[in-house]
Amino acid sequence: MDTSKALEIFRQQLEKYVTFNEAEWIIFIQHLSFQSLKKKKHFAEYGKVCSDIGFIVSGSVRYYVVKDGEEITGYFSFENEYTSSYKSYLTQEPAVNYIQALEDTLLIIISHKNMQLMLNNPMLAYKMERFGRLVAEHYLICYEDRMSSFINKTPEERYIELLENGKEVLQRMPQHYIANFLGITPVSLSRIRRRILEVAR
């Protein structure tokens, strides 16, 4: 995909949060860069400061932690979504998780340094403040929904919810990552899938 097409997609998605006039847009895009991640490469790593927030133009990433030598997948992001180790990005302290490309992934990047420059630019400051706040609110809601789901729903209910709302995850992700995401083993996931198929017959 060429850069002009990628920027056009990004601009359309940004309009959920802020709308730039042409003069603002010209200044804004000077603070962006592109990053291509090959499958399995990391966008963020435990113990390293995550200095970027990325908009996923194409591809997907997973968020995971390592506990007792085992990778535990907590979340996924796809096209037209943002990705970052947000706490690390905001505080500039080392990340406590990993973000890994699950496919070849193209991102538009706003570095922490460039975000600060835009926040200090009188022409962009208000809109970048608004953008930052609304993106943060969106991901806070996602986080609360996920916590609530683990507290209030069974693994089977969480899987059915994924069938209804997250078909992309099921179609594009390896089964062991999906099981991990649901907080169950691959064997338990297979049992749940069999039960659902039997009920559907």
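- The name that an unreviewed UniProt entry assigns to the protein chain is CRP-like cAMP-binding protein, with the source organism given as Mucilaginibacter frigoritolerans.

Quick look at the overall build of the protein chain
And then number 1: A tally of regular secondary structure across the protein chain gives nine helices and eight strands.
And then number 2: Burial analysis of the protein chain (201 residues in total) assigns 42% to the buried set.
And then number 3: Across the protein chain, contacts joining residues at least 24 apart in sequence account for 70% of those joining residues at least 6 apart.
And then number 4: For the protein chain, the exposed surface amounts to about 11600 Å²; the carbon and sulfur share of it is 53%.
And then number 5: If you average the places of the 25 positive and of the 25 negative side-chain charges in the protein chain, the two averages end up 5 Å apart.

A look at the packing of helix 1 (residues 3-14) against helix 2 (residues 22-29)
And then number 1: Two elements in contact, helix 1 and helix 2, have axes whose closest approach is 13 Å; the angle formed by their N-to-C orientations is 120 degrees. When the interaxial angle is binned, helix 1 and helix 2 end up oblique. In this structure, the crossing between helix 1 and helix 2 has a hand that is right-handed. Taken together, the residues of helix 2 that come into contact with helix 1 (itself represented by Leu7, Phe10, Arg11 and Leu14) are Glu22, Trp25, Phe28 and Ile29.
And then number 2: For the contact of helix 1 with helix 2, the class distribution of residues is six nonpolar, no polar and two charged.

Examining the side chain of Thr83
And then number 1: Tracing the sequence through the fold places Thr83 in strand 6 (residues 82-83).
And then number 2: For Thr83, a relative accessible area of 0% gives the class buried.
And then number 3: Here the side chain of Thr83 touches Tyr63 through a polar contact of 2.9 Å, side chain to side chain.
And then number 4: Ignoring sequence-local partners within four residues, the contact set of Thr83 consists of Phe43, Asp52, Ile53, Gly54, Ile56, Val61, Tyr63, Ile99 and Leu107.

Some thoughts on unusual backbone geometry
And then number 1: Even without a glycine there, the phi angle at Lys40 is positive, about 85 degrees.
And then number 2: Residue placement: Lys40 occurs in the loop between strand 1 (33-37) and strand 2 (42-44).
And then number 3: Positioned with a positive phi, Asp68 is a non-glycine residue whose angle comes to about 50 degrees.
And then number 4: Here Asp68 lies in the loop between strand 4 (61-67) and strand 5 (70-77).

A word on the pattern of salt bridges
And then number 1: Scanning the entire structure with this criterion turns up nine salt bridges.
And then number 2: Between Glu71 and Arg62 there is a salt bridge; the shortest N-O distance is 2.4 Å.
And then number 3: In this structure Glu71 comes out as partly exposed when scored by relative accessible area, which is 36%.
And then number 4: Using a relative accessible area of 1% as the deciding quantity, one classes Arg62 as buried.
And then number 5: The partner of Glu103 in a salt bridge is Arg172, with the nearest N and O atoms 2.6 Å apart.

Focus: the packing of helix 6 (residues 155-165) against helix 8 (residues 175-182)
And then number 1: Across the interface, helix 6 lies against helix 8 with an axial gap of 10 Å and an inter-helix angle of 120 degrees. By the angle between their directions, the pair helix 6 and helix 8 is classed as oblique. The handedness of the crossing between helix 6 and helix 8 is right-handed. On helix 8, the residues that touch Arg158, Tyr159 and Leu162 of helix 6 are Ile178, Phe181 and Leu182.
And then number 2: Taken together, the residues that form the contact of helix 6 with helix 8 break down as five nonpolar, no polar and one charged.

Quick word on helix 4 (residues 112-119)
And then number 1: Taken together, the buried positions of helix 4 are His112, Met115 and Met118. End-on, the buried residues of helix 4 take up no more than an arc of 120 degrees, which puts them together on one face.
And then number 2: Contacts from the buried residues of helix 4 go to helix 2, helix 3 (86-91), strand 8 (105-111) and helix 5 (125-152).

Criteria and cut-off values
- Residues numbered from 1 in each chain as written.
- Predicted model: local features only at pLDDT ≥ 70, side-chain atom pairs only at ≥ 80, totals over all residues.
- Heavy atoms only, no water.
- Helix = DSSP H or I, 4+ residues; strand = E, 2+ residues; numbered from the N terminus.
- Buried < 20%, exposed > 50% of the residue type's maximum accessible area, 1.4 Å probe, protein only.
- Contact = heavy atoms within 4.5 Å.
- Areas by Shrake-Rupley, 256 points an atom, 1.4 Å probe, with all protein chains shown as cover.
- Lys, Arg positive; Asp, Glu negative; His and termini not counted.
- Charge placed at Lys NZ, Arg CZ, Asp CG, Glu CD.
- Axes fitted to C-alpha atoms, helices over the stretch in contact; angles between N-to-C directions.
- Parallel < 35°, antiparallel > 145°, perpendicular 65-115°, else oblique.
- Left-handed = near helix turned anticlockwise from the far one by under 90°.
- Nonpolar A, V, L, I, M, F, W, Y, C, P; charged D, E, K, R; others polar.
- Polar contact = N/O pair within 3.5 Å; in protein donor to acceptor, adjacent residues only side chain to side chain.
- Salt bridge = Lys/Arg side-chain N within 4 Å of Asp/Glu carboxyl O.
- Arc of directions from axis to C-beta.

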